[in-house]
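So you can see what is in the structure, the chains are spelled out below.
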Amino acid sequence: MTTTVVRPPTRTPPGHRSAPDGSRPRRNTGRHILLAGVSLLWLIPLLWAVYTSLRSYGDTAAHGYFSWPRGVSTENYSDAWTQSGMPHFLLNSLLITVPAVLGTLLFSAAVAFFVSRFSFRFNLALLMLFTAGNLLPAQVLITPLYRLYLLVPLPEWMSDSLLLYNSAWGIIVIHIAYQCGFCTFVLSNYMKTIPQEISEAAVVDGAQVWRQFFQIILPLCRPAFAALATLESIWIYNDFFWPLTLIETGDKRPITSALANLQGQYFTNPNLIAAGALMTAIPTLLVYFALQRQFISGLTLGSGKG
């Protein structure tokens, strides 16, 4: 007489998943250690800036920057806010960044809609033309662009100099022109994933091209717009080259120029500059946190498609 021994089923620990064939999955300990190390290296400059900004210049001058602080305070932040005129320059940055981002997304979406939803002979060539504009360094364009800005007139209500040079409109225009190539490339690729049957159904219902663009295609591109809006806001907000070369008056320059006001001719306080740099980064962080969910979904578009 044979006796059958019934073994109780083994329980899988919480959070542990088995492979389809029943074998244990490989542990990703090495990968996690690598990612943690890279993240730490990425955060070291930021943490060091925070550490430096909370110390006084006298403390670091007497004991060195690699010493334990004798005291911490937020005095550098208040001094940077008042001495650099940061509120005024922050307003200048907002007046440049917001119209530049909106204009870039609108014009890029229009071009992307044209090259992705309509078939014509020079479709690909037009897309390559817009994309090729990003291949030229800004330093190559500055000489002819500077001469052009001195020749383009503007009405008095748009520019005190009556020229495109030394005006916020000139910075907005060059940002739109320079960033449209990248945004057009991204949006055109995303619009190609939208089924063509949607546009065909809209045509059957009598929708014109402009109605298809504004009421059908643009709402479907919301994740891509969120991702591009986050990137463009950071790039345009942090730009220093175009305002430095195309704006002559210091009071019209954006917030990146406010940090230059914290540097003296014969003396520079690195602790004060660190506090000012951290304060200028706050608006970009707010934009990212506000659009974080849409930004991540926009970056992972098409990752689940075979």
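Described in the following lines is the structure provided in the data block. Keep in mind the model is a prediction, meaning the values are calculated, not measured.

### Looking at the side chain of Thr97
Part 1 of the reasoning: Turning to its location among the elements, Thr97 is positioned in helix H4 (residues 86-117).
Part 2 of the reasoning: Among residues more than four places away in sequence, those in contact with Thr97 are Ser233, Ile236 and Tyr237.

### Some remarks on the packing of helix H3 (residues 75-83) against helix H12 (residues 270-280)
Part 1 of the reasoning: Relative orientation of the contacting elements H3 and H12 amounts to 75°, with a least axis distance of 8 Å. Viewed along their axes, H3 and H12 adopt a mutual orientation that is roughly perpendicular. Two secondary-structure elements touch here, H3 through Asn76, Tyr77, Asp79, Ala80, Trp81 and Gln83 and H12 through Asn271, Leu272, Ala275, Gly276, Leu278 and Met279.
Part 2 of the reasoning: When its residues are assigned to classes, the contact of H3 with H12 shows 7 nonpolar, 4 polar and 1 charged.

### Observations regarding helix H9 (residues 209-220)
Part 1 of the reasoning: Helix length check: H9 (12 residues) gives 16 Å between terminal C-alpha atoms against 16 Å at 1.5 Å per residue, within 8%.
Part 2 of the reasoning: Along H9, the positions that sit buried rather than exposed are Gln212, Phe213, Ile217 and Leu218. Looking straight down H9, one finds that the buried residues subtend no more than 140° of arc, so they occupy a single side.
Part 3 of the reasoning: Where the residues of H9 are buried, they touch H4, helix H7 (168-191), helix H8 (196-204) and helix H10 (222-237).

### As for H12
Part 1 of the reasoning: Summarising burial for H12: 9 of the 11 residues are buried, a large majority.
Part 2 of the reasoning: Taken together, the buried positions of H12 are occupied by Asn271, Leu272, Ile273, Ala274, Ala275, Gly276, Leu278, Met279 and Thr280.
Part 3 of the reasoning: On its buried side, H12 packs onto helix H1 (29-53), helix H2 (57-63), H3, H4, H10 and helix H13 (282-290).

### Observations concerning the nonpolar core
Part 1 of the reasoning: Within the largest apolar cluster, 37 residues are counted, with the highest numbers of intra-cluster contacts made by Trp242 and Leu246.
Part 2 of the reasoning: Contributions of two or more residues to this core are made by H4, helix H6 (138-149), H7, H9, H10 and helix H11 (241-246).
Part 3 of the reasoning: Counting residues per element, this core draws most heavily on H7, at 10 residues.
Part 4 of the reasoning: Excluding anything up to four places from it in sequence, Leu246 contacts Ile142, Leu145, Tyr146, Tyr149, Tyr165, Asn166, Ser167, Ile171 and Ile174.
Part 5 of the reasoning: Core analysis: the second largest hydrophobic core is formed by 14 residues, Tyr77, Ile273, Ala275 and Leu278 among them.

### Here's the deal with the pattern of salt bridges
Part 1 of the reasoning: Under the definition given, this model contains 2 salt bridges.
Part 2 of the reasoning: Put simply, Asp59 and Arg55 hold a salt bridge, and the shortest N to O gap is 3.4 Å.
Part 3 of the reasoning: Among the residues examined, Asp59 registers a relative accessible area of 8% and is labelled buried.
Part 4 of the reasoning: A salt bridge links Lys252 to Asp160; the shortest N-O distance between them is 3.7 Å. Of this pair, Lys252 sits in the loop between H11 and H12 while Asp160 sits in the loop between H6 and H7, and the two are 92 residues apart along the sequence.

### Brief notes about the environment of Ser56
Part 1 of the reasoning: Mapped onto the elements of the fold, Ser56 is located in the loop between H1 and H2.
Part 2 of the reasoning: On a C-alpha basis, the gap between Ser56 and Pro69 in space is 9.0 Å, while along the polypeptide they are 13 residues apart.

### Regarding unusual backbone geometry
Part 1 of the reasoning: For Leu162, which is not glycine, the phi dihedral falls at a positive 60°.
Part 2 of the reasoning: Mapped onto the secondary structure, Leu162 falls in the loop between H6 and H7.
Part 3 of the reasoning: Phi angles above zero are rare outside glycine, and Asn166 is one such case at about 65°.
Part 4 of the reasoning: The residue Asn166 is located in the loop between H6 and H7 in this model.
Part 5 of the reasoning: Residue class for Asn166 comes out buried when judged on its relative accessible area of 7%.

Rules behind the numbers
Residues numbered from 1 in each chain as written. Predicted model: local features only at pLDDT ≥ 70, side-chain atom pairs only at ≥ 80, totals over all residues. Heavy atoms only, no water. Helix = DSSP H or I, 4+ residues; strand = E, 2+ residues; numbered from the N terminus. Contact = heavy atoms within 4.5 Å. Axes fitted to C-alpha atoms, helices over the stretch in contact; angles between N-to-C directions. Parallel < 35°, antiparallel > 145°, perpendicular 65-115°, else oblique. Nonpolar A, V, L, I, M, F, W, Y, C, P; charged D, E, K, R; others polar. Expected span 1.5 Å × (residues − 1). Buried < 20%, exposed > 50% of the residue type's maximum accessible area, 1.4 Å probe, protein only. Arc of directions from axis to C-beta. Core = buried A, V, L, I, M, F, W, Y, C linked by side-chain atoms within 4.5 Å. Salt bridge = Lys/Arg side-chain N within 4 Å of Asp/Glu carboxyl O.

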